[in-house]
Amino acid sequence: MKVLKKTLMLAAIGGSLFATAASAEQVNLTWQMWTGSETDTKSWQHLAEMVTAKYPDIKVTLTTTGWVDYWTRLPVLAASGQLADIVSMQSLRMPNFYSLLEPLNDRIAADKFDVGAFTPSIIGGMSVDKQLYGLPYDVGPWVIYYNQDALEAAGVPLPKPGWTLAEFTDAAKKLTKDGKYGFGITPTNYSVLAAAWGDKYVNDAGELDLTSASAVAAADRLIGFAAKDKIAPLVPTGGANPGDVVQGRFNSGNVAMYIDGPWSIIGMKGQAKFKIGLTTLPRDEGELSAVTAGSGFGISTTSKNKDAAWKAVQVLTSPEALSYLAEQGRALPARTAAQSAWYKVAAKDITNGGEAIDYSLAHSVPYVITNNWAAVENLFNQYFPPAFAGSADAKQTMESIQSLAQQ
């Protein structure tokens, strides 16, 4: 009996030691991500489970918040040492937060990870000073959405990718009648269109330069759509988000064309009661330079499990993961090979949707911004609307924004 008890005790001790050893090998990672709906959250949870499916010893715990709250909480979490192991990051916010993330170049070189499988412009968007800080999961060039029914009723030919500024303006004028407008603009369209036209608003040193002749010329064109040509309605100066207002006017049929990204297609389909088409931003005399934005996943500098997090990030941006997101209509994949799946779902029934995105991506460039871009865009929203109404010219507007942005 004593022998049996001793044997059972040893077995129990051995089992306990084995369980402890197994537990020690298990890595628990945290991942913070934004979400817009329950369906959205389920998609991210599915990706987290894909990590464990590939690496059974790694478990990823997902924490989500709304888009606005995510960016409000991120600096608070960083300051209190509570960043997750995996941090989701948008390219337009990378200049503000890259210091929170682990540089990836050395890991990429050591593993011979194929960065070339991703659309180049979003790799640039997720980089700072040629150092990559996150692997991207999606990419989106800004494009023109148009109301095909309105264009056909006005006798306007459906625009082809690569159309010119002159062709765009002519179409917008023909579409402006009976209290409706050809084009809906927002103040933050400035930098997107300036880039498309080849006009610089950031100098070679990476500094904001809104008072150069090139930057002012682009502002004059944008302001002229509303103040001179009258092809665009005025936008609010406070309260409502100008982008939401313009998108609402497009969905209701009040404006025939407006600028947005492919991320808006899914939501728009259920609201617009007309045939939707896509085309590229209008170019000036040279080639189009379509800016892109996107998001991805990085490793926090404070993570204690960076090797495991690197494995997880590779799974979260793998061909399988991005094809899944594309099939859900959630994202235009940053991996070029996975983009066809998105076209079949999100761009289905959108006239020239695939052609417009393909052309834009083939002529895409990283979105050039400064490290205080959020403040700059707030100034755009404050100072462009009065100019649209004719209260200030382009030079005055740009001088005001430049001065305040440097304070």
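Analysis parameters
Residues numbered from 1 in each chain as written. Predicted model: local features only at pLDDT ≥ 70, side-chain atom pairs only at ≥ 80, totals over all residues. Heavy atoms only, no water. Buried < 20%, exposed > 50% of the residue type's maximum accessible area, 1.4 Å probe, protein only. Helix = DSSP H or I, 4+ residues; strand = E, 2+ residues; numbered from the N terminus. Pairing = 2+ DSSP bridges. Axes fitted to C-alpha atoms, helices over the stretch in contact; angles between N-to-C directions. Parallel < 35°, antiparallel > 145°, perpendicular 65-115°, else oblique. Left-handed = near helix turned anticlockwise from the far one by under 90°. Contact = heavy atoms within 4.5 Å. Core = buried A, V, L, I, M, F, W, Y, C linked by side-chain atoms within 4.5 Å. 1 Å grid on protein atoms, 1.4 Å probe; cavity = no way out; pocket = protein on both sides within 12 Å on 5 of 7 lines; lining within 4 Å. Points joined across faces, edges and corners; volume = space filled by probe spheres on them. Nonpolar A, V, L, I, M, F, W, Y, C, P; charged D, E, K, R; others polar. pLDDT = per-residue confidence, 0-100. Bend = angle between axes of the 7 residues up to and from the residue. Phe/Tyr/Trp six-rings, centres within 6.5 Å; stacked < 30°, edge-to-face > 60°. Salt bridge = Lys/Arg side-chain N within 4 Å of Asp/Glu carboxyl O.

The buried fraction of strand β8 (residues 143–147) is high, at five of five residues. Residues of β8 alternate between two faces, with V143, Y145 and N147 on one and I144 and Y146 on the opposite face, all of them buried. Bridge analysis of β8 against strand β9 (residues 257–260) gives four bridges, and the strand direction is antiparallel. Counted as the bridge partner of Y145 is Y258 from β9.

So, on to the packing of helix α2 (residues 38–54) against helix α14 (residues 319–327). For any two helices packed against each other, the geometry comes down to the angle between their axes and how far apart the axes lie. In the contact formed by α2 and α14, the axes pass within 11 Å of each other and the chain directions differ by 165 degrees. Between α2 and α14, the angle is such that the two are roughly antiparallel. In terms of crossing hand, the pair formed by α2 and α14 is right-handed. Together, K42, S43, W44, H46, L47 and M50 of α2 and E320, A321, Y324 and L325 of α14 make up the contact between the two elements.

Ranked by size, the top nonpolar core spans 135 residues in total, and within it W31, Y190, F225, M257 and F384 carry the most contacts. Counting residues per element, this core draws most heavily on helix α10 (residues 213–227), which supplies eight residues. Those residues in contact with F225 that sit more than four places away from it in its chain are L165, F168, T169, F183, I185, L193, W197, K230, I231 and A232.

Our next topic: the environment of L222. Relative to the elements of secondary structure, L222 occurs in helix α10. Along the primary structure L222 and Y190 are separated by 32 residues, whereas in three dimensions their C-alpha atoms are 6.7 Å apart. Dropping the residues within four chain positions of it, L222 is found in contact with I185, T186, P187, N189, Y190, L193, F384 and F388.

Turning our attention to empty space enclosed by the protein. Over the atoms a probe the size of a water molecule is rolled, and this reveals where empty space is left. For the coordinates displayed, the defined rule picks out one cavity of 30 Å³ or more. Space inside the largest cavity adds up to approximately 40 Å³. Here the element with the most residues in the lining of the largest cavity is helix α3 (residues 67–79); it accounts for four residues. Of the residues in the lining of the largest cavity, the class split is four nonpolar, four polar and one charged.

Turning next to the sheet that holds strand β10 (residues 276–279). The three strands are arranged β9-β8-β10 in an open sheet whose pairing can be described as antiparallel. Two strands lie at the open edges of the sheet, namely β9 and β10, each paired on one side alone. Sheet twist, expressed as the average angle between the axes of neighbouring strands with direction ignored, equals 30 degrees. In the sheet, β8 pairs with β10 via four bridges, with the strands oriented antiparallel. Bridge pairing in β10 links I144 to T279.

Let us look at helix α9 (residues 189–196). Summarising burial for α9: eight of the eight residues are buried, a large majority. Positioned one or two residues after α9, G198 has a phi angle of 85 degrees, which is positive.

In this section: the confidence of the model for the protein chain. For the protein chain, per-residue confidence averages 90 on the pLDDT scale, and residues scoring 70 or more make up 94% of the total. Note on residues 1–24: pLDDT is under 50 here. Beyond four places in sequence and across chains, it has zero contacts.

Of the volumes computed, that of the second largest pocket is approximately 750 Å³. Around the second largest pocket, the lining is made up of 31 residues, and of these V202, G206, Y367, V368 and I369 lie nearest the centre. In the lining of the second largest pocket, the residues fall into 15 nonpolar, 11 polar and five charged.

Attention now moves to α3. At R73, α3 shows its largest bend, some 30 degrees, and a proline, P75, comes one to four positions later. Of all the residues in α3, the buried ones are Y70, W71, L74 and L77. One or two residues past the end of α3 sits G81, with phi positive at roughly 70 degrees.

With that out of the way, let us pick up the packing of aromatic side chains. As enumerated under the stated definition, the model contains 33 aromatic pairs in all. Ring plane angle 85 degrees and centroid distance 5.0 Å describe the contact between W34 and W67, whose orientation is recorded as edge-to-face. Here W67 lies in helix α3 and W34 lies in strand β1 (residues 27–34), a separation of 33 residues in the sequence. The class of W34 is buried, set by a relative accessible area of 5%.

Turning our eyes to something else, we now look at the pattern of salt bridges. Counted according to the given criterion, the structure contains eight salt bridges. Across the pair E38 and K42 runs a salt bridge whose closest N-O atoms are separated by 3.8 Å. Of this pair, E38 and K42 are both found in helix α2, four residues apart, which corresponds to roughly one turn of the helix. The class for E38 is exposed, based on a relative accessible area of 59%. D284 is paired through a salt bridge with R221; the nearest N and O atoms lie 2.9 Å apart. Of the two residues, D284 is situated in the loop between β10 and β11 (290–293) and R221 in helix α10; the sequence distance between them amounts to 63 residues. The exposure class assigned to R221 is partly exposed, which follows from its relative accessible area of 27%. The structure contains a network of salt bridges with shared partners spanning D199, R221 and D284.

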